Amino acid sequence: MTSIPDATERARALRAVPAATRAAAPSRAAAVTALPAVADLRTRTTGSAGFADADAPEASPDLLVRTVEIPDVGDLLALLPSADPATTFSWVRRGEGIVGWGAALRLRTSGPDRIRAADQAWARTAGRLHVLDEVRLPGSGAVAFGSFAFSPHSAAGGVLVVPGTIVGRREGRSWLTTVHPVGEPPARGAHLPAPAPVGAPGAVTYRDGALSPAAWRSAVAGVVWRIRAGEVAKVVMARDVVARAAAPLDVRHLLGRLAADYPACWTFAVDHLVGATPELLVRREKGLAACRVLAGTIERTGDDAADLRRAAELARSSKDLEEHELAVASLVRALRPYCASINVPDAPFVLHLPNVMHLASDVTGAVDAALGHPSTYLSHAGGGNGPSSLALAAALHPTAAVGGTPTGVATAILASAEQMDRGRYAGPVGWIGADGDGEWGIGLRSGELSAGDPHEVRLFAGCGVVAASDPDAELAETEAKLRPMREALGG
């Protein structure tokens, strides 16, 4: 990574970027709009002058990335300026995280190596960035948001996007990151404008996706038969539903509702994919990898006493415990080659969400910098190298929690039984920094906003099928998991 003071020209470019004010402001809106001479990069979308929409980092310009601390911004999602799902980005949990808009750089990949190719492309791109980071917290400095297709055969492929503007909030601190080509400093006197009003979807209607409920139950019954015949241990079956709104869909409306109703989940938006996932595929921070595995689900009733009894039933359910054990074992096998040590809980805990309860296990590992995996970055500690967060995500995906066990057989079965392309549903979604640290969730409880029709969004939900599964119960579980997106739409 190039240091700004290394070149006189870049020093002049840096001096042309005025520092953001740190003075106290009477309100969040006043604090943000008070920032002097900060470029409004919101209008600098992909393909506009000075920015690249590239499949290879060699096609990109040298970019200047500057992060400055700003007064507390409060609600991050309230800062998002427009409804455009192609240039609106979010990774927020419990009021902390990062949001962004615009597209300073977009890297696309496809095929079986789509995730590793994106990781390698980002490593090369990061080496060309000129970064001045005054904050130095996870999510500050150079950041790319990304999402990737579940299947290597999907036309959805993968994407990493560096927004033109990023705002973050963590540990009581807020920051602003701006990205622009070296030699093209932000326009003087520009400010972050007030966001456009958030639009409501109006009346929403639903239609079946690839399969009707009856056809999907029949498909599940066929999968159960194959499991009992010994072909496979577990298959995760998903289904889709298409929602159509009276008004054009505003991604910010969905994000706001999801974050309010599911604060313990990671509320995300990347390249038309939006949702609130409870499942962390992997976080890498300062040499530590952390994963949250969810497998085994029971619907909530809304009655606290009844839900406590149902939670106890879930914790004792042999069917759900088997499903969970398979998911954890699959993740540990995939993570072990990258870690010097791994900590696996003796038993799962019950994660309570507003719509369902899950069996959950938090697995952690010390990333082994000495292994010298191909995609490596400077780490925060000891000057060593190690696999990036995205390299770890590539190694882990697909987990048994979203594919099945054994993975190859299970994913082949689900592809035939579901009769649909999942797109980026159940694929990795999150962000990566220039040092390789980052957070990647699994794109669950999500929908894909149509790129061709602003009124439509395709919703997804899935469940793990094992030998003891009942098709009617599995359909009911998918309906419970569709509830977050239905409620976000206002249904």
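Reading the values: the criteria
- Residues numbered from 1 in each chain as written.
- Predicted model: local features only at pLDDT ≥ 70, side-chain atom pairs only at ≥ 80, totals over all residues.
- Heavy atoms only, no water.
- Axes fitted to C-alpha atoms, helices over the stretch in contact; angles between N-to-C directions.
- Helix = DSSP H or I, 4+ residues; strand = E, 2+ residues; numbered from the N terminus.
- Parallel < 35°, antiparallel > 145°, perpendicular 65-115°, else oblique.
- Contact = heavy atoms within 4.5 Å.
- Nonpolar A, V, L, I, M, F, W, Y, C, P; charged D, E, K, R; others polar.
- Buried < 20%, exposed > 50% of the residue type's maximum accessible area, 1.4 Å probe, protein only.
- pLDDT = per-residue confidence, 0-100.
- Expected span 1.5 Å × (residues − 1).
- Pairing = 2+ DSSP bridges.
- Core = buried A, V, L, I, M, F, W, Y, C linked by side-chain atoms within 4.5 Å.
- Phe/Tyr/Trp six-rings, centres within 6.5 Å; stacked < 30°, edge-to-face > 60°.
- Lys NZ or Arg CZ within 6 Å of the ring centre and 35° of its normal.

## A few points about the packing of helix 3 (residues 114-126) against helix 8 (residues 389-396)
Okay, step 1: Between helix 3 and helix 8, the least distance of the axes is 9 Å, while the angle of their chain directions is 170°. One element, helix 3, and the other, helix 8, form an angle in the roughly antiparallel class. Across from Ile 115, Arg 116, Ala 118 and Asp 119 in helix 3, the residues of helix 8 making contact are Leu 390, Ala 391, Ala 394 and Ala 395.
Okay, step 2: Residues of the contact of helix 3 with helix 8, tallied by class, amount to six nonpolar, no polar and two charged.

## What about the environment of Asp 119?
Okay, step 1: Inspection of the secondary structure puts Asp 119 in helix 3.
Okay, step 2: Using a relative accessible area of 1% as the deciding quantity, one classes Asp 119 as buried.
Okay, step 3: Along the sequence, Asp 119 and Leu 160 sit 41 residues apart, while their C-alpha atoms lie 9.0 Å from each other.

## Regarding the environment of Phe 148
Okay, step 1: Take Phe 148: it is sitting in strand 7 (residues 143-148).
Okay, step 2: The spacing of Phe 148 and Val 159 is 11 residues in sequence and 6.5 Å in space, taken between C-alpha atoms.

## Digging into the confidence of the model for the chain
Okay, step 1: Residue-level pLDDT values for the chain average 85, and 82% of them are 70 or greater.
Okay, step 2: Scored below 50 in pLDDT, residues 1-59 makes 140 contacts in the model with residues more than four places away or belonging to other chains.
Okay, step 3: The low-confidence segment residues 374-384, where pLDDT is below 50, has 29 contacts with residues more than four positions distant or belonging to other chains.

## A closer look at helix 7 (residues 318-335)
Okay, step 1: For helix 7, built from 18 residues, the straight-helix expectation of 26 Å at 1.5 Å per residue is met to within 8% by its first-to-last C-alpha distance of 26 Å.
Okay, step 2: Listed in full, the buried residues belonging to helix 7 are Lys 319, Asp 320, Glu 323, His 324, Ala 327, Val 328, Ser 330, Leu 331, Val 332 and Leu 335.

## A short note on the pairing of strand 3 (residues 88-93)
Okay, step 1: Most of strand 3 is tucked away, with five of its six residues classed as buried.
Okay, step 2: Alignment of strand 3 against strand 4 (residues 96-101), held across six bridges, turns out to be antiparallel. Each bridged residue has a counterpart across the sheet, and for Phe 89 the counterpart in strand 4 is Gly 100.
Okay, step 3: Here strand 3 folds back onto strand 4, and the loop between the two strands holds two residues, one of which, Arg 94, carries a positive phi near 50°.
Okay, step 4: Of the pairings in the sheet, the one linking strand 3 to strand 13 (residues 266-270) comprises three bridges and is antiparallel in character. In the strand pairing of strand 13, Trp 91 is matched with Phe 268.

## Description of the nonpolar core
Okay, step 1: Of all hydrophobic cores here, the largest spans 70 residues; its most connected members are Trp 122, Leu 160, Met 237, Val 282 and Leu 390.
Okay, step 2: Residue contacts for Val 282: discarding those within four places in its chain leaves Ala 289, Ala 290, Cys 291, Ser 389, Leu 392, Ala 393, Leu 396, Gly 438, Glu 439 and Trp 440.
Okay, step 3: Leu 254, Leu 258, Tyr 262 and Val 274 belong to the second largest nonpolar core, which has 39 residues in total.

## Considerations on the packing of aromatic side chains
Okay, step 1: Per the stated rule, a full pass over the model turns up four aromatic pairs.
Okay, step 2: Judged by centre distance (6.3 Å) and plane angle (25°), the ring pair of Trp 91 and Trp 266 falls under stacked. Of this pair, Trp 91 sits in strand 3 while Trp 266 sits in strand 13, and the two are 175 residues apart along the sequence.
Okay, step 3: With a relative accessible area of 4%, Trp 266 lands in the buried category.
Okay, step 4: Positioned over the ring face of Phe 150 is Arg 422, at 4.2 Å from the centre of the ring.

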